[in-house]
Amino acid sequence: MFGIAKRTVLAAVFASSVALSAHALEPQHFDNLPAMVEDFGDFSDENGTFKVLKTQPLHVQFSPQVVPGDLPENVRYEVQRAALYGVYRTFVHTSAESVQVTALPIELDIKNGVSKKLKGPSVDVTVTRAQALAAVQKLIQVNNLAELVKPEQMGNMQLDNWTKNFEALYYKQQGIDRLLAELKAKQG
């Protein structure tokens, strides 16, 4: 058994190394969006929730899964978040200079094991890296898009979770509406 002094020293060393590595980490970078999507696992080409529609200029589709009978406002919320995910994950984690993101829901009938694309609601956003940065800067204080995530080392994995400030835009309907309005205004 470790003595109290050894446990205190080990805890302090561990805490300082975790804090140090968290500050030294940069967001993960991927050669392309499909590689990022596969690594993160939030969406997938295999289950139809992610699709590259065109590589030049980059046009991708994100389709959140919803269930039959889901409330329209919940479906709308998931679709809007998927659009924001597509825009901001693209720019934080790849070198893409522009992206068109189309988001529309997939209805997943778990009981029968079938899914189908729904016609709406949908969101379509086309923005450049600079436009996406300018839109988010109108709402929160950031100098660059990398500041939207907080990289953390968890064993052999790195997690790039959204920062608290960006979470307020990404998870709350009022923030989602404001950020999408800013993005739409920037796309002209």
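That block above? That's the structure.
Model, not experiment: these values are computed from the prediction.

A few words on the packing of aromatic side chains. A full pass over the atoms with the stated rule returns ten aromatic pairs. When the ring of Phe 43 is compared with that of Phe 62, the centres are 5.0 Å apart and the planes differ by 80 degrees; the resulting orientation is edge-to-face. Placement of the pair is Phe 43 in the loop between helix H2 (33-40) and strand E1 (50-54) and Phe 62 in strand E2 (residues 59-62), with a sequence separation of 19 residues. Phe 43 gets classed as buried once you look at its relative accessible area, which sits at 11%. Residue classification places Phe 62 among the buried positions, given a relative accessible area of 0%.

Here the focus is the nonpolar core. Within the largest apolar cluster, 47 residues are counted, with the highest numbers of intra-cluster contacts made by Phe 62, Tyr 88, Val 136, Leu 148, Phe 166, Leu 179 and Leu 183. Taken together, the elements giving at least two residues each to this core come down to H2, E2, helix H3 (72-93), strand E4 (98-103), strand E7 (123-128), helix H4 (129-137), helix H5 (164-170) and helix H6 (173-186). The element that contributes the greatest number of residues to this core is H3, accounting for eleven residues. If we ignore the near neighbours within four places in the chain, the residues touching Leu 179 are Leu 84, Tyr 88, Ala 135, Val 136, Leu 139, Phe 166 and Leu 169.

Sheet analysis places strand E8 (residues 149-154) next to strand E9 (residues 157-162), joined by six bridges and oriented antiparallel. Pairing of Met 154 across the sheet is with Met 157, part of E9. A loop of two residues connects E8 with E9, the two strands running antiparallel in sequence, and Gly 155 in this loop sits at a positive phi of about 65 degrees.

Residues of H4 that are buried include every one of Arg 129, Ala 132, Leu 133, Ala 135 and Val 136, and no others. Buried residues of H4, viewed axially, fall in a sector of 160 degrees; they line one side. Contacts made by the buried residues of H4 are with H3, E7, H5 and H6.

Further remarks concern the sheet that holds E7. The strand order across the open sheet built from four strands is E1-E2-E4-E7, with neighbouring strands paired in mixed fashion. Of all the strands in the sheet, just E1 and E7 have a single pairing partner and so form its edges. When strand polarity is set aside, the average angle formed by the axes of neighbouring strands in this sheet is 20 degrees. Here E4 pairs with E7 via six bridges, running antiparallel. Bridge assignment links Ala 103 to a residue of E7, and that residue is Val 123. Each of E1 and E2 touches H2; the most contacted strand, E1, lies at about 175 degrees to it. H3 contacts E2, E4 and E7 of the sheet and is inclined by roughly 160 degrees relative to E4.

Sheet analysis places strand E3 (residues 65-66) next to strand E5 (residues 106-109), joined by two bridges and oriented parallel. Looking at the pairing, Gln 65 lines up with Ile 106 of E5. With four bridges joining them, E5 and strand E6 (residues 114-117) adopt antiparallel strand pairing. Across the sheet, the residue bridging to Glu 107 is Lys 116, located in E6. Linking E5 back to E6 in an antiparallel pair, the connection comprises four residues, with Gly 113 at a positive phi of about 70 degrees.

About the criteria used
Residues numbered from 1 in each chain as written. Predicted model: local features only at pLDDT ≥ 70, side-chain atom pairs only at ≥ 80, totals over all residues. Heavy atoms only, no water. Phe/Tyr/Trp six-rings, centres within 6.5 Å; stacked < 30°, edge-to-face > 60°. Helix = DSSP H or I, 4+ residues; strand = E, 2+ residues; numbered from the N terminus. Buried < 20%, exposed > 50% of the residue type's maximum accessible area, 1.4 Å probe, protein only. Core = buried A, V, L, I, M, F, W, Y, C linked by side-chain atoms within 4.5 Å. Contact = heavy atoms within 4.5 Å. Pairing = 2+ DSSP bridges. Arc of directions from axis to C-beta. Axes fitted to C-alpha atoms, helices over the stretch in contact; angles between N-to-C directions.

Keep in mind that these numbers describe shape and distance, not what the molecule does.
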